[in-house]
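Structure at a glance
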Amino acid sequence: MDQQSTTTDTPPKKKRKLKLFLLITFVLGFIVTPVIVSIIYILTIYPDLPDASQLKDVSYQVPLRIVTEDGKLISEIGTKKRIPLEYAQIPERMTQAIISSEDDNFFNHGGVDFNGLARAVYQLITTGSKQSGGSTITMQVARNFFLTKEKTYLRKLNEIVLSYKIEHQISKQEILALYLNKIFLGHRSYGVAAAAQTYYGKDIADLTLDEFAMIAGLPKAPSRYNPIFNPDRAKLRRNYVLRRMYENNYISQQEMETAQAIPVHAKLTGARIDVEAGYVAEMARDFAIKHFGDDALRNGLTITTTINSKLQDAANLAVRNGLQDYERRHGYRGAITNIDSALFEDRDSLLEYLNDISNFGNLKTAVVTNTTDSTAKILLADGSESSLSLEDMKWARPYLDVNKRGAVPKLVSDILKVRDVIFVQKQEDKWLLAQDPKAESALISIDPNSGQIKALVGGFDFFKSKFNRVTQAQRQIGSNIKPFLYSAGLAQGLTAATIINDAPVVFHDNNLEDIWRPENYSGRFYGPTRLRHALIHSRNLVSIRLLQKIGIRTAINHIQKFGFPVEKLNAHRDLSLALGSAQFSPLEVVRAYAVLANTGYLIEPYLIESVRDFDGSLIYQADPLKACAFQCNEDDPTNAPRVNTPQNSYIITSIMQDVINHGTARKA
């Protein structure tokens with residue numbers, strides 16, 4: 001009886017033990033352990049999480065901007081392209097597209113979309129791998145600004161906690177603006193405004209519906225859905241975004257279908273440069289790094305240069321047209337190449353081939369498609385067609401050497417043949433045959449009173465040669481030295497009417513050759529000549545006799561006052577100095593001529609007018625010493641130093657004006 005009773009009591013005891021075990025397991029697993037984990041998290045990790053309020057004063061990596069004095073963009077330099085926008089500057093269509101693409105419940109959740117998280121957990125359980133993170137836009141902001149991109153559960157927890165902090169400390173609009181300014185969208189473009197420039201060459205406000213949708217589709221995978229490299233995938237992604245916009249009632253069905261039917265037309269576009277001035281940009285970049293360190297290229301500084309956009313455009317054209325004129329005077333070196341017939345017959349491949357050829361300056365590539373005796377039909381790299389006339393190509397005599405050309409062409413076939421790939425240049429609304437110049441040139445223009453550099457061209461094209469011939473090239477100054485030599489003569493008591501004999505002369509000078517027989521350019525001799533007349537016509541013999549008369553030491557002492565480095569002058573302490581044997585840069589020469597133009601003050605040429613930080617605060621302002629224009633107080637500390645008398649400068653300037661009116665430069 002007792003044994004039977006003991007047997008029947010056993011199952012209830014086991015059940016009670018099982019219930020107790022399950023209760024303890026539940027308490028430990030679902031209450032105690034989470035509480036302990038939470039306490040550990042709160043005590044060890046939470047205090048180290050960033051303060052979300054920092055996002056109110058966030059700074060982006062923004063490229064260095066270089067502009068002209070009138071605000072025209074010269075260049076943007078930096079590893080990341082970004083144009084930060086305030087929320088009010090972001091078009092509504094852009095926000096609608098990005099919300100439809102990334103987080104269509106954005107304005108309703110508190111930072112975390114639990115439906116999205118549940119979906120991500122379900123995918124993890126059913127597939128065994130992470131298919132999606134369930135991240136909201138707020139969570140992506142937390143990750144992009146504060147966390148790494150490693151896929152761990154702790155990072156996801158931090159992301160969730162930070163999202164709640166962000167939502168409680170800044171507005172939805174601020175969060176969305178942060179996201180749209182921060183996200184990477186391919187091709188070094190960060191933020192939607194930079195992407196609009198990169199893919200469509202437009203301000204973001206000018207995008208069309210299909211373009212908004214294309215950009216909104218990029219955050220998920222900028223490489224996979226890139227419209228440049230993967231246009232088919234990009235189109236699928238764009239059309240998905242458009243469909244989601246329709247389902248969210250942002251657009252009508254007709255708008256969706258119309259936008260979905262538009263072909264992918266994105267094209268890589270750089271910053272919209274207003275003024276071509278590559279050498280100026282490099283000088284400004286160097287200035288920024290020297291004064292503000294490497295961070296200058298990512299802190300959003302704006303450098304305002306002294307460059308005048310209209311003068312810079314004119315300078316570019318003058319250098320390039322001048323070099324082409326030089327090329328035409330020396331003959332045609334022939335076509336770039338002659339392509340095979342298979343490539344010639346495939347128009348798409350042909351245009352791609354033409355676009356791949358490096359072309360510099362204002363040269364464009366083209367291929368000859370047909371010829372007659374008097375014309376050549378051409379196809380340009382942009383797909384347009386034009387023609388070249390024999391009359392405009394008669395300069396194209398075969399180049400033999402620097403001083404020799406072949407016969408004048410009588411037929412177009414003497415110059416070009418079908419399938420020839422050539423360079424052309426547009427002048428006065430028509431295309432002309434051209435060639436990549438072998439010679440180089442430079443130009444600098446300054447304000448002689450302040451030293452502001454108004455235009456600077458260091459060569460035919462910065463991307464062909466980065467050697468800045470304005471500042472780096474040392475060339476014999478030639479006859480450019482004569483005004484300063486004549487100024488030295490005036491300083492020694494001579495006048496513009498002083499007579500010096502222009503006659504044959506033989507010099508024995510140990511510093512030169514044993515015997516030196518200088519001549520005038522014309523090879524003629526003109527007898528007794530006034531200094532004014534001699535400088536007007538650049539008479540070599542008078543200049544040499546003048547240097548001999550006043551003495552080399554006296555001449556150098558005077559000429560160096562114009563800013564010419566004395567060590568370079570001393571390297572040529574002989575009579576050849578009168579003909580400009582010393583070597584200087586164009587920048588040094590223009591500075592010296594400014595002394596004559598401003599009545600005698602030695603100014604310092606400068607390029608950087610001001611620098612402002614990303615917020616627009618002035619952090620650098622040029623303060624040059626200037627030439628005094630009128631009612632001058634020579635003791636004024638804002639004046640540049642006077643190095644020549646106004647009388648001396650006036651007389652030399654007057655003579656040089658006669659060079660233009662009556663002398664060697666009258667054809668100018």
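Each residue is numbered by its place in its chain's sequence as written, counting from 1. Since the coordinates come from a predicted model, pLDDT governs what is reported: local features require at least 70, and pairs of side-chain atoms require 80 or more to be given and counted, while whole-chain, interface and lining totals use all residues. Heavy atoms throughout the structure, all of them, feed into the side-chain values; hydrogens and water do not.

Moving on, we get to the overall build of the protein. Runs of E in the DSSP output that reach at least two residues are strands. Runs of H or I that reach at least four are helices, and both are numbered from the N terminus. The number of helices and strands found in the protein is 21 helices and 21 strands. Relative accessibility under 20% of the residue-type maximum defines a buried residue, over 50% an exposed one, and the middle range a partly exposed one, all with a 1.4 Å probe and only protein chains included. A buried classification covers 46% of the 668 residues belonging to the protein. Note on contacts: a residue pair is in contact if any heavy atoms of the two residues lie within 4.5 Å. Sequence separation of 24 or more characterises 68% of the internal contacts of the protein that already satisfy a separation of 6 or more. Counting every atom, the protein has about 34900 Å² of accessible surface; 51% of that belongs to carbon and sulfur. Accessible areas in this description were obtained via Shrake-Rupley with a 1.4 Å probe; residue shielding takes into account the shown protein chains only.

With that settled, the discussion passes to the pattern of salt bridges. The salt bridge criterion pairs a side-chain nitrogen of Lys or Arg with a carboxyl oxygen of Asp or Glu, the two atoms within 4 Å. In the structure shown here, the tally under the stated rule is 26 salt bridges. With its nearest N and O atoms 3.0 Å apart, the salt bridge here joins lysine 202 to glutamate 211. For lysine 202, a relative accessible area of 24% gives the class partly exposed. For glutamate 211, a relative accessible area of 2% puts it in the buried group.

By way of backbone hydrogen bonds, the strands of a sheet pair with one another, either parallel or antiparallel. When DSSP finds two or more bridges between two strands, those strands count as paired. Pairing in this open sheet of 5 strands is mixed, and the strands run E2-E1-E5-E20-E21 from one edge to the other. Single-partner strands in this sheet number two, and they are strand E2 (73–77) and strand E21 (618–621). For this sheet, the mean angle separating the axes of adjacent strands, direction not counted, is 15°. As paired strands, strand E1 (residues 64–67) and strand E5 (residues 302–305) are joined by 3 bridges and run parallel to one another. Bridge pairing in E5 places arginine 65 opposite threonine 302. Only the contacting stretch of a helix is used when fitting its axis, a line to C-alpha atoms as for every element, and angles between N-to-C directions run 0 to 180 degrees.

Spacing of three or four residues puts side chains on the same side of an α-helix, whose turn is 3.6 residues. Of all 11 residues in helix H17 (residues 540–550), 8 are buried, a share of seventy percent or more. Every buried residue of H17 is accounted for by Asn540, Leu541, Val542, Ser543, Ile544, Leu546, Leu547 and Ile550. Tucked into the core, H17 has its buried residues touching helix H15 (482–491), strand E17 (499–502), strand E18 (527–530), helix H16 (531–536) and helix H18 (552–559). Glycine 551 sits one or two positions beyond H17 and adopts a positive phi of about 95°.

This next bit is on the packing of aromatic side chains. For Phe, Tyr and Trp, where Trp contributes only its six-membered ring, two rings pair if their centres lie within 6.5 Å, and the inter-plane angle classes them as stacked under 30 degrees, edge-to-face over 60, or tilted in between. A complete count under the given rule lists 10 aromatic pairs for this structure. For the ring pair phenylalanine 484 and phenylalanine 564, a centre distance of 5.2 Å and an interplane angle of 80° mean the geometry is edge-to-face. Of this pair, phenylalanine 484 sits in helix H15 while phenylalanine 564 sits in the loop between H18 and helix H19 (566–570), and the two are 80 residues apart along the sequence. The class for phenylalanine 484 is buried, based on a relative accessible area of 0%. Judged by centre distance (4.9 Å) and plane angle (70°), the ring pair of phenylalanine 484 and tyrosine 593 falls under edge-to-face. One end of the pair, phenylalanine 484, is in helix H15; the other, tyrosine 593, is in helix H20 (residues 586–597), and 109 residues separate them in sequence. Through a chain of ring-to-ring contacts, three or more aromatic side chains come together here, namely Phe484, Phe562, Phe564, Phe584 and Tyr593.

Attention shifts here to unusual backbone geometry. A negative phi angle is the norm for most residues apart from glycine, just as the trans form is the norm for most peptide bonds. Phi angles above zero are rare outside glycine, and aspartate 429 is one such case at about 65°. Its place among the elements puts aspartate 429 in the loop between strand E12 (420–427) and strand E13 (430–434). Residue classification places aspartate 429 among the exposed positions, given a relative accessible area of 74%. Of note, threonine 599 is a non-glycine position whose phi angle comes to about 75°, a positive value.

Attention now goes to H20. An expected span of 1.5 Å times one less than the residue number is assigned to each helix. Under the 1.5 Å per step criterion, the end-to-end length of H20 is 16 Å for 12 residues, consistent within 8% with the ideal 16 Å. Along H20, the residues classified as buried are Glu588, Val589, Val590, Arg591, Ala592, Tyr593, Ala594, Val595 and Leu596. Phi turns positive, to about 75°, at threonine 599, one or two residues after H20.

Looking along a regular strand, one sees side chains alternate from face to face of the sheet. Across the 8 residues of E12, 6 count as buried, placing the element largely inside the fold. Where strand E6 (residues 337–338) lies against E12, 2 bridges are found, and the strand directions are antiparallel. Counterpart to asparagine 338 in the pairing with E12 is aspartate 420. As paired strands, strand E7 (residues 363–371) and E12 are joined by 5 bridges and run antiparallel to one another.

Let us now look at the confidence of the model for the protein. The score called pLDDT rates the predictor's confidence residue by residue, from a low of 0 to a high of 100. Put simply, the protein has an average pLDDT of 88, and 86% of its residues get 70 or more. With pLDDT under 50 throughout, residues 3–8 is counted as low confidence; its partners more than four residues away or in other chains account for 0 contacts.

Before going further, it helps to spend a moment on the side chain of arginine 238. Following the sequence through the fold, arginine 238 ends up in helix H9 (residues 231–247). The term polar contact refers here to a pair of N or O atoms within 3.5 Å; inside protein, the definition further demands a hydrogen-donor-capable atom paired with an acceptor-capable atom, and it admits residues adjacent in sequence only when both atoms are side-chain atoms. Among the polar contacts made by the side chain of arginine 238, one reaches the main-chain carbonyl oxygen of alanine 259 at a distance of 3.5 Å. Ignoring sequence-local partners within four residues, the contact set of arginine 238 consists of Asp210, Ala213, Met214, Ala259, Gln260, Ala261, Ile262, Pro263 and Val264.

Quick look at the packing of H15 against H17 now. Across the interface, H15 lies against H17 with an axial gap of 10 Å and an inter-helix angle of 40°. On the basis of their axis angle, the class for H15 and H17 is oblique. In this structure, H15 meets H17 at a crossing whose hand is left-handed. In this structure, H15 contributes Lys482, Leu485, Tyr486, Ala488 and Gly489 to the contact, and H17 contributes Asn540, Val542, Ser543, Leu546, Leu547 and Ile550. Here the residues of the contact of H15 with H17 are counted per class, giving 7 nonpolar, 3 polar and 1 charged. Angle categories are assigned with fixed cut-offs, so that under 35 degrees is roughly parallel, over 145 is roughly antiparallel, 65 to 115 is roughly perpendicular, and the rest are oblique. Helix crossings get a hand from a simple test, with the near helix turned counterclockwise from the far one by less than a right angle marking a left-handed crossing and a clockwise turn marking a right-handed one. Throughout this entry, Asp, Glu, Lys and Arg are counted as charged residues, while Ala, Val, Leu, Ile, Met, Phe, Trp, Tyr, Cys and Pro are counted as nonpolar. The remaining residues, Gly among them, count as polar.

Moving on to a negative patch on the surface. Patches in this entry comprise residues that are over 30% relatively accessible and not in a salt bridge; like charges within 9 Å are linked, as are nonpolar side chains (Val, Leu, Ile, Met, Phe, Trp, Tyr) within 5 Å. Asp and Glu count as negative and Lys and Arg as positive, but His and the ends of the chain are not part of the count. A charged residue contributes its charge at one atom only: NZ of Lys, CZ of Arg, CG of Asp or CD of Glu. The grouping of Asp346, Asp348, Glu352 and Asp356 at the surface amounts to a negative patch. Following the sequence through the fold, aspartate 348 ends up in helix H14 (residues 347–356). Assessed through its relative accessible area of 62%, aspartate 348 is described here as exposed.

As a further point, take the side chain of aspartate 574. Following the sequence through the fold, aspartate 574 ends up in the loop between H19 and strand E19 (583–584). It turns out aspartate 574 is buried and unbridged, and the closest side chain with the opposite charge, arginine 573, is 8.9 Å from it. A polar contact of 2.3 Å, which involves the side chain of aspartate 574, links it to the side chain of serine 576.

Attention now moves to the environment of isoleucine 98. Secondary-structure assignment places isoleucine 98 in helix H2 (residues 92–102). Separated by 39 residues in sequence, isoleucine 98 and isoleucine 137 have C-alpha atoms that sit 9.4 Å apart. Sequence-distant contacts of isoleucine 98, defined by excluding residues within four places in its chain, comprise Asp103, Leu176, Tyr179, Leu180, Ile183, Ala216 and Pro219.

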